[in-house]
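# Fold and contact review
Each chain, letter by letter, is given below.
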Amino acid sequence: MYPECFYRVSCKALITNEQGHILLAKETNGNWDMLGGGLDHHEEPHEGLAREVMEETGLTLHSIASSPSYFVTFQNTTYKSFCANVVFRAQVDNLDFTASDECTKLEYFAVEDILARDDIF
């Protein structure tokens, strides 16, 4: 009935440091994004978020907020698909991550620096 209403749902981790800077991961395509990724069918959001972070970085989330802080929809121009990101505040114990084919680097960014760049999100 509504074939154009399909969204790929991803859970993202909003991880901040003491200065309020946001942790982003550099992807192999050169873009930066929050940690996390797409939910599998029948997967709970917290489980999917923890799984994606572990797969991408080897890091363990030790705290995930019980409710999301943000819900963002957008059209991904690279894949020509519609996406919905459910963003949860989360914490990690450390940044001793393992690079993967999805994450090559982790770095904290100030909000104003994120807004000034075109390679983020």
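Above this text you will find the structure in question.
Residues numbered from 1 in each chain as written. Predicted model: local features only at pLDDT ≥ 70, side-chain atom pairs only at ≥ 80, totals over all residues. Heavy atoms only, no water.

Another point: the overall build of the protein. Assigned secondary structure in the protein consists of two helices and eight strands. Counting from the amino terminus, helix and strand elements in the protein follow one another as β-β-β-β-α-β-β-β-β-α. Computed over the C-alpha atoms, the radius of gyration of the protein is 14 Å, within 12% of the 14 Å expected from 2.2 N^0.38 for a compact globule of 121 residues. Counting only C-alpha atoms and orienting by the principal axes, one finds that the protein spans roughly 45 × 30 × 25 Å. Buried positions account for 38% of the 121 residues belonging to the protein. Of all intrachain contacts in the protein linking residues separated by at least 6 positions in sequence, the fraction that spans at least 24 positions is 60%. (Helix = DSSP H or I, 4+ residues; strand = E, 2+ residues; numbered from the N terminus. Rg over C-alpha atoms; globule rule 2.2 N^0.38 Å. Buried < 20%, exposed > 50% of the residue type's maximum accessible area, 1.4 Å probe, protein only. Contact = heavy atoms within 4.5 Å.)

Our focus in this paragraph is the packing of aromatic side chains. One pass over the structure, following the stated rule, counts two aromatic pairs. For the pair Trp32 and Phe109, a centre-to-centre distance of 4.9 Å together with 70 degrees between the ring planes defines the contact as edge-to-face. Linking Trp32 in strand S3 (residues 32-33) with Phe109 in strand S8 (residues 105-109), this pair joins segments that are 77 residues apart in sequence. (Phe/Tyr/Trp six-rings, centres within 6.5 Å; stacked < 30°, edge-to-face > 60°.)

Because an α-helix completes one turn every 3.6 residues, residues spaced three or four positions apart along the sequence face the same direction. The end-to-end C-alpha separation of helix H1 (residues 45-57) is 18 Å, in line with the 18 Å expected for 13 residues at 1.5 Å each. Buried-residue contacts for H1 involve strand S1 (8-14), strand S4 (35-38), strand S5 (61-64), strand S7 (81-92) and S8. Downstream of H1 by one or two residues, Gly58 has phi in the positive range, about 80 degrees. (Expected span 1.5 Å × (residues − 1).)

Here we come to the nonpolar core. Residues Ile15, Leu35, Leu49, Leu61 and Leu106 are the most contacted members of the largest nonpolar core, which totals 17 residues. The set of elements that each furnish at least two residues to this core consists of S1, strand S2 (22-26), H1 and S7. If you tally residues by element for this core, the top one is S7, at four residues. If sequence neighbours within four positions are ignored, Leu106 has contacts with Leu23, Leu24, Ala25, Trp32, Leu35, Thr57, Leu59, Leu95 and Phe97. Counting residues in hydrophobic clusters, the runner-up holds nine residues, among them Ile22, Leu24, Met34 and Ile120. (Core = buried A, V, L, I, M, F, W, Y, C linked by side-chain atoms within 4.5 Å.)

A few words now on the sheet that holds S8. Strands sit in the order S3-S2-S8 across an open sheet of three strands; the sheet is antiparallel. Taken across any chain shown, the strands that pair with only one partner, and hence form the sheet edges, are S3 and S8. Both S2 and S3 contribute to a ladder of two bridges, which runs antiparallel. When the bridges of S3 are listed, Ala25 appears paired with Asp33. (Pairing = 2+ DSSP bridges.)

What follows covers the environment of Ser66. Checked against the element boundaries, Ser66 lands in the loop between S5 and strand S6 (70-76). Sequence separation between Ser66 and Arg89 is 23 residues, and the spatial gap between their C-alpha atoms is 8.8 Å. Not counting residues up to four positions away in its chain, the partners in contact with Ser66 are His46 and Phe88.

These figures capture arrangement, not role.
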